[in-house]
Amino acid sequence: MAIEVKHNTEQTRFEIWVDDELAGFTEYRPRGSYRAFIHTEIADKFGGQGLAMKVIQEALDTTRGEGLEILPYCPAVRKFLTKHVDYVALVPEDRRAEFDL
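Described in the following lines is the structure provided in the data block. Values in this document were obtained by computation on a predicted structure and should not be read as measured data.

Cut-offs applied
Residues numbered from 1 in each chain as written. Predicted model: local features only at pLDDT ≥ 70, side-chain atom pairs only at ≥ 80, totals over all residues. Heavy atoms only, no water. Helix = DSSP H or I, 4+ residues; strand = E, 2+ residues; numbered from the N terminus. Buried < 20%, exposed > 50% of the residue type's maximum accessible area, 1.4 Å probe, protein only. Pairing = 2+ DSSP bridges. Axes fitted to C-alpha atoms, helices over the stretch in contact; angles between N-to-C directions. Contact = heavy atoms within 4.5 Å. Polar contact = N/O pair within 3.5 Å; in protein donor to acceptor, adjacent residues only side chain to side chain.

### Some details on unusual backbone geometry
Most peptide bonds take the trans form, and the phi angle of most residues other than glycine is negative. The phi dihedral of Thr12 falls on the positive side, at around 45°, and the residue is not glycine. For Thr12, the position within the fold is in the loop between β1 (3-8) and β2 (13-18). Overall, the relative accessible area of 17% leaves Thr12 in the buried class. One non-glycine residue with positive phi stands out, namely Asp20, at about 65°. Along the chain, Asp20 falls in the loop between β2 and β3 (21-31). For Asp20, a relative accessible area of 75% translates into the label exposed.

Written out as structure tokens, the structure is:
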């Protein structure tokens, strides 16, 4: 099974592909020096394989590499942050309480 994450800038989302089939995505809105992550979705047939966490991790790694911060409005992204506290630094310190971080 080949898994690949692609940054689809036209649709402002990071997509996860499994064997050339779109399995899901995490969507964001650009906000200046931030990416506001708003929604993550994985197709039912790909559920339970950890693909949501994989696409979120790659999205956050790319965002960090571009020198941007995040606003985790998406519940799946917030859940990822609670399990991987080293990524919490991507959320502006003065906004962390807003997201219960």
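### Points about the sheet that holds β2
Sheet architecture is open: five strands sit in the order β1-β2-β3-β4-β5, paired in mixed fashion. With one partner strand each, in any of the chains shown, β1 and β5 (69-72) form the two edges of the open sheet. Adjacent strand axes in the sheet meet at a mean angle of 25°, parallel and antiparallel pairs treated alike. As paired elements, strand β4 (residues 34-42) and β5 share four bridges and run parallel to each other. Across the sheet, Tyr34 pairs through a bridge with Glu69, a residue of β5. The strands that helix α2 (residues 75-83) touches are β3, β4 and β5; relative to β5, the one it contacts most, it runs at about 115°.

### Some words on the side chain of Thr40
Positionally, Thr40 belongs in strand β4. Owing to a relative accessible area of 15%, Thr40 belongs among the buried residues under this scheme. Within the local environment of Thr40, its side chain forms a polar contact with the side chain of Thr26, the two groups lying 2.8 Å apart. Beyond its immediate chain neighbours, meaning those up to four positions away, Thr40 contacts Phe25, Thr26, Ala52, Ile56, Cys74, Ala76 and Val77.

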